[in-house]
Amino acid sequence: MVEIIGLQEAAEMVSDGASVMIGGFIGVGGPNSIIEALIENNVKDLTIISNDTVTPDLGIGKLVVNKQIKKAIVTHIGTNPETGRQMNAGELEIELVPQGTLAERIRAGGAGLGGVLTKAGLKTPVEEGKRKLDINGQDYLLEMPLKADIALLKASKADKAGNLYYNGATRNFNPVMATAAELVIAEVDEIVEIGEINPNDVMTPGIFVNFIVKGGR
Amino acid sequence: MEKAQIIETIAKRVAKELNKGDVVNLGIGLPTFVANYVDAEMQIIFQSENGFVGLGPAAEKGEENADIVNAGGLPVTILPGGAFFDSSLSFSIIRGGHVDKTVLGALQVDEQGNLANWMIPGKMVPGMGGAMDLVVGAKKVIVAMEHSAKGKPKILKKCTLPLTAASEVDMIITEMAVIEVTADGLVLTELGPETTVEDVIAVTEAELIISDALK
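- Per an unreviewed UniProt entry, chain B goes by CoA transferase subunit B and derives from Fusibacter paucivorans.
- UniProt annotates chain B under Sequence similarities (unreviewed entry) with the comment "Belongs to the 3-oxoacid CoA-transferase subunit B family."

- An unreviewed UniProt entry annotates chain A as CoA transferase subunit A originating from Fusibacter paucivorans.
- Regarding chain A, the UniProt comment filed under Sequence similarities (unreviewed entry) reads as follows: "Belongs to the 3-oxoacid CoA-transferase subunit A family."

Following this line, the structure appears as structure tokens:
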């Protein structure tokens, strides 16, 4: 069952210390309105799992500036100088993950898989502390599944059954994250009646979604 | 050479490495200029790791679509025949060997084809983004960069910075040279405009094998 709620209600579901997957790529396809509400609530000590920490003036970037994040598991922090500053000052823990590995670790978490074997990161600092497996004479790194308490997604359109449609390049990490969290909240530009999204066009089936929130663009 | 001329020289030369119908991923920065020198008749399909193939030119002013950006977050276009997908499929394309060529910048490259381009410990740690997956998965890895950092060699005997990947680089293209990475070491195959072998050696730390067919 999917319920339509308000931005503030959505933000209140994120408690101090929660692990939160957040969709988006430098903020494009990110639930930026819900994040604004998280900033108002000033929820603390979050573990964020996301592609990047955006820019200081948008989305996750603002959570960084407002010091609401304890740890971030991301692929890239170069677009937000404040993330680097907090990391160097020991205020924010950063785990850098190759982008394809991040996507597959989340997919594994949501797909009931025990891990991912990849060559990305071999003979680099990424392999430190990880198991290496020889598969048919080739080395692979074992990367562990990722799950979270909450996934905050952004979709262009939802129907009232929670089926999601993403426009353009906004899809990015949203569909995999929908599968890997205990609670899934999707911020959407538009909410339509059941039947108005053709089943052929559904990119995330509503069974993965608990709440939808009308966001502002 | 002026900066703009350096970029043009490198980008034009990289463009010659692309074959008709190739699926190509261009890194952020200098590599993006390669697209400017690719003829439409080549039918190159550019991949954008944030989730599409059929990447077109930058969006015209006033025509930007906030939902269509490249991996650097800049507004771009998608060409007819293109397709959007999620990050998981995007990296299946990348890691799975479905990208013919990837073109990236580098901080350092060495004689074994090792690449360092994602961090300088204690100074600059932007993160690897999709670079580690790209260099491991693409069929051919082309490093496109300025030959040296203001005279300080970037093509080394052995990389000193943390690696992006080991032994994955196939070719290095700079404003001064085209260098192929082989089992025997680095082979200098071409010289840039108004450049001599001695000029190249002077700003290269790695041992260079001079090709018999040097152009």
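Now that the structure is up, let's keep going.
Quick word on the overall build of chain B
Right, on to step 1. A count of helices and strands for chain B gives four helices and 15 strands.
Right, on to step 2. For 215 residues, the compact-globule estimate of 2.2 N^0.38 gives 17 Å, and the C-alpha radius of gyration of chain B, at 17 Å, lies within 12% of that figure.
Right, on to step 3. In terms of overall dimensions, chain B has a C-alpha envelope of 50 × 35 × 30 Å along the principal axes.
Right, on to step 4. Taking all 215 residues of chain B together, the buried fraction comes to 44%.
Right, on to step 5. The contacts in chain B between residues at least 6 apart in sequence include a share of 63% that link residues at least 24 apart.

Some points on helix α5 (residues 99–111) of chain A
Right, on to step 1. Along its 13 residues, α5(A) runs 18 Å from first to last C-alpha, staying within 8% of the 18 Å computed at 1.5 Å per residue.
Right, on to step 2. Most of α5(A) is tucked away, with 12 of its 13 residues classed as buried.
Right, on to step 3. Residues Gln99(A), Gly100(A), Thr101(A), Leu102(A), Ala103(A), Glu104(A), Arg105(A), Ile106(A), Arg107(A), Ala108(A), Gly109(A) and Gly110(A) constitute the buried set of α5(A).
Right, on to step 4. The inward-facing, buried residues of α5(A) contact β2 (19–22), β6 (116–118), β8 (138–143) and α6 (174–177) of chain A together with α2 (87–95) and α3 (131–137) of chain B.
Right, on to step 5. At the C-terminal side of α5(A), Gly112(A) shows a positive phi close to 70 degrees.

Here we look at the environment of Lys140(B)
Residue and element names in this part refer to chain B.
Right, on to step 1. Considering the arrangement of structural elements, one finds Lys140 in strand β8 (residues 140–144).
Right, on to step 2. Between the C-alpha atoms of Lys140 and Asn65, which are 75 residues apart in sequence, the distance is 32 Å.
Right, on to step 3. Apart from the residues lying within four places of it in its own chain, the contact partners of Lys140 are Asp100, Lys101 and Asp170.

Considering the packing of α5(A) against α2(B)
Right, on to step 1. In the contact formed by α5(A) and α2(B), the axes pass within 9 Å of each other and the chain directions differ by 130 degrees. As the angle between them shows, α5(A) and α2(B) are arranged oblique. Of the two elements, α5(A) crosses α2(B), and the hand of that crossing is left-handed. Of the residues in α2(B), those touching α5(A) at Gln99(A), Gly100(A), Ala103(A), Glu104(A) and Arg107(A) are Ser87(B), Ser88(B), Phe91(B), Ile94(B) and Arg95(B).
Right, on to step 2. Tallied by class, the residues present in the contact of α5(A) with α2(B) amount to three nonpolar, four polar and three charged.

Some points on the interface of chain A and chain B
Right, on to step 1. Across the contact, 35 residues belong to chain A and 31 residues belong to chain B.
Right, on to step 2. Looking at the side of chain A that touches chain B, the elements that each hand over two or more residues are α5 and α6 of chain A.
Right, on to step 3. The greatest single-element share of the side of chain A that touches chain B, amounting to five residues, is contributed by α5(A).
Right, on to step 4. Split into classes, the residues belonging to the side of chain A that touches chain B amount to 16 nonpolar, 14 polar and five charged.

With respect to the sheet that holds strand β11 (residues 155–156) of chain B
Residue and element names in this part refer to chain B.
Right, on to step 1. Taken together, three strands build an open sheet; the order of strands is β7-β6-β11 and the sheet is mixed. This sheet does not close on itself; its edge strands, each paired only once, are β7 (115–116) and β11.
Right, on to step 2. One ladder, built from two bridges, connects strand β6 (residues 108–110) with β11; its direction is parallel. Across the sheet, residue Val109 finds its bridge partner in β11, namely Ile155.

Here's the deal with the sheet that holds β6(A)
Residues and elements named next belong to chain A.
Right, on to step 1. The antiparallel open sheet is built from three strands, whose spatial order is β6-β8-β7. The open sheet has two free edges, formed respectively by β6 and β7 (132–135), since each of these has just one partner strand. Sheet twist, expressed as the mean angle between neighbouring strand axes with direction ignored, is 40 degrees.
Right, on to step 2. Two strands pair when backbone bridges link them, and β6 and β8 are joined in this way by three bridges, in the antiparallel orientation. Looking across to β8, one finds that Val116 is bridged to Glu143.
Right, on to step 3. Strands β6 and β8 of the sheet are contacted by α5, whose axis makes an angle of about 160 degrees with β6.

Procedures and definitions
- Residues numbered from 1 in each chain as written.
- Chains lettered and ligands numbered in written order.
- Predicted model: local features only at pLDDT ≥ 70, side-chain atom pairs only at ≥ 80, totals over all residues.
- UniProt positions renumbered as here; feature names shortened; annotations may be inferred.
- Helix = DSSP H or I, 4+ residues; strand = E, 2+ residues; numbered from the N terminus.
- Rg over C-alpha atoms; globule rule 2.2 N^0.38 Å.
- Buried ≥ 20, exposed ≤ 12 C-beta atoms within 10 Å, placed from the backbone.
- Contact = placed C-beta atoms within 7 Å.
- Expected span 1.5 Å × (residues − 1).
- Axes fitted to C-alpha atoms, helices over the stretch in contact; angles between N-to-C directions.
- Parallel < 35°, antiparallel > 145°, perpendicular 65-115°, else oblique.
- Left-handed = near helix turned anticlockwise from the far one by under 90°.
- Nonpolar A, V, L, I, M, F, W, Y, C, P; charged D, E, K, R; others polar.
- Pairing = 2+ DSSP bridges.

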